[in-house]
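Structural features, examined
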Amino acid sequence: MNRATSGYELLVRRPAPPPETIPLLKRAWDARRTEDWLLNGVWPEGCSAPGKHLTAAGTDGARRWAVYDGECLTAADCEWLRHITEVKAIRRTWWRTPWQSWPPRAAQTRDPGEVRIALDCDPGSQVDMFQLYVGLDDDQMPCGAPELRTFEAGADTEMPTEAAVVIETNPAAADLLDWIAWLLFDGRRSAPR
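Residues numbered from 1 in each chain as written. Predicted model: local features only at pLDDT ≥ 70, side-chain atom pairs only at ≥ 80, totals over all residues. Heavy atoms only, no water.

Right, let's get into the packing of helix α2 (residues 22-40) against helix α4 (residues 171-182). Axis separation between α2 and α4 bottoms out at 10 Å; the angle between their running directions is 75°. Taken together, the axes of α2 and α4 lie roughly perpendicular to each other. Residues L24, L25, A28, W29, A31, R32 and E35 of α2 lie in contact with α4, whose contacting residues are A172, D175, L176, L177, W179 and I180. (Axes fitted to C-alpha atoms, helices over the stretch in contact; angles between N-to-C directions. Helix = DSSP H or I, 4+ residues; strand = E, 2+ residues; numbered from the N terminus. Parallel < 35°, antiparallel > 145°, perpendicular 65-115°, else oblique. Contact = heavy atoms within 4.5 Å.)

Right, dumping it as structure tokens:
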């Protein structure tokens, strides 16, 4: 592994995600890098150094391995890695079916359904301060990039519909949030081709 850069600086470039999300994003960043290494033998550009959770990686002959949170993983462990990342990153989800006008018309195009994902940025807090909003296509798979949102000032934090302030993030963080959203769908976006 190249020790020149940890890659975390890509996460905090402007526009940077909120500071409260950074520990969760670092964990997911290391999980994704671990998966990319184990399945594809590649590191994203600028992201080859050890991190907080991904501490070592290498090969034993033709087999690739990585140490993630003290566990030595191989390609056979990637499903577990995605699952444990989902459990630690996502607090809860809400699903909404598509809205339809009445009466239905044959030429009417339907808006996709939606899933809202509350990120577990602060396990000690009861408030889901940061959520991903992801549109769903007719096949109930994500369509488009998720939006990171938080609550408007004075909003009821128990109402997911009030998490309406969209937070712009840099491309590296946005891509990682998209990867997190796909974890709910068995990580199909990142499955080997």
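Quick look at the sheet that holds strand β3 (residues 71-73) now. Two strands in a sheet stick together by hydrogen bonds in their backbones, pointing the same way (parallel) or opposite ways (antiparallel). Pairing is antiparallel across the open sheet formed by three strands, whose spatial order is β1-β2-β3. The open sheet is flanked by β1 (54-60) and β3, the only strands paired with a single partner. In this sheet, neighbouring strand axes are inclined to one another by 20° on average, regardless of whether the strands run parallel or antiparallel. Packed on one face of the sheet, α2 meets β1, β2 (63-68) and β3 and runs near 170° to β2. (Pairing = 2+ DSSP bridges.)

Another aspect to go through is the nonpolar core. Within soluble globular proteins, side chains that are nonpolar tend to cluster in buried spots. By size, the foremost hydrophobic cluster in this structure holds 39 residues, and its most contacted members are I117, L119, L132 and I180. Contributions of two or more residues to this core are made by α1 (8-11), α2, β1, β2, α3 (78-89), β5 (113-119), β6 (131-136) and α4. Ignoring anything within four residues of it in the chain, the contact list for I180 reads L24, L25, A28, A89, I90, L119 and L132. (Core = buried A, V, L, I, M, F, W, Y, C linked by side-chain atoms within 4.5 Å. Buried < 20%, exposed > 50% of the residue type's maximum accessible area, 1.4 Å probe, protein only.)

This part is about the packing of α2 against α3. Viewed as axis vectors pointing N to C, α2 and α3 meet at an angle of 170°, and their least axial separation amounts to 10 Å. Comparing the axis directions of α2 and α3 gives the class roughly antiparallel. Facing L24, R27, A28, A31, T34, E35, L38 and L39 of α2, the residues of α3 in contact are C78, L81, R82, T85, K88 and A89. Residue composition of the contact of α2 with α3, grouped by class: eight nonpolar, two polar and four charged. (Nonpolar A, V, L, I, M, F, W, Y, C, P; charged D, E, K, R; others polar.)

Its location among the elements puts T21 in the loop between α1 and α2. Owing to a relative accessible area of 2%, T21 belongs among the buried residues under this scheme. Side-chain polar atoms of T21 contact the backbone oxygen of P18, separated by 2.6 Å. With sequence-adjacent residues up to four places away left out, T21 is seen in contact with C121 and F130. (Polar contact = N/O pair within 3.5 Å; in protein donor to acceptor, adjacent residues only side chain to side chain.)

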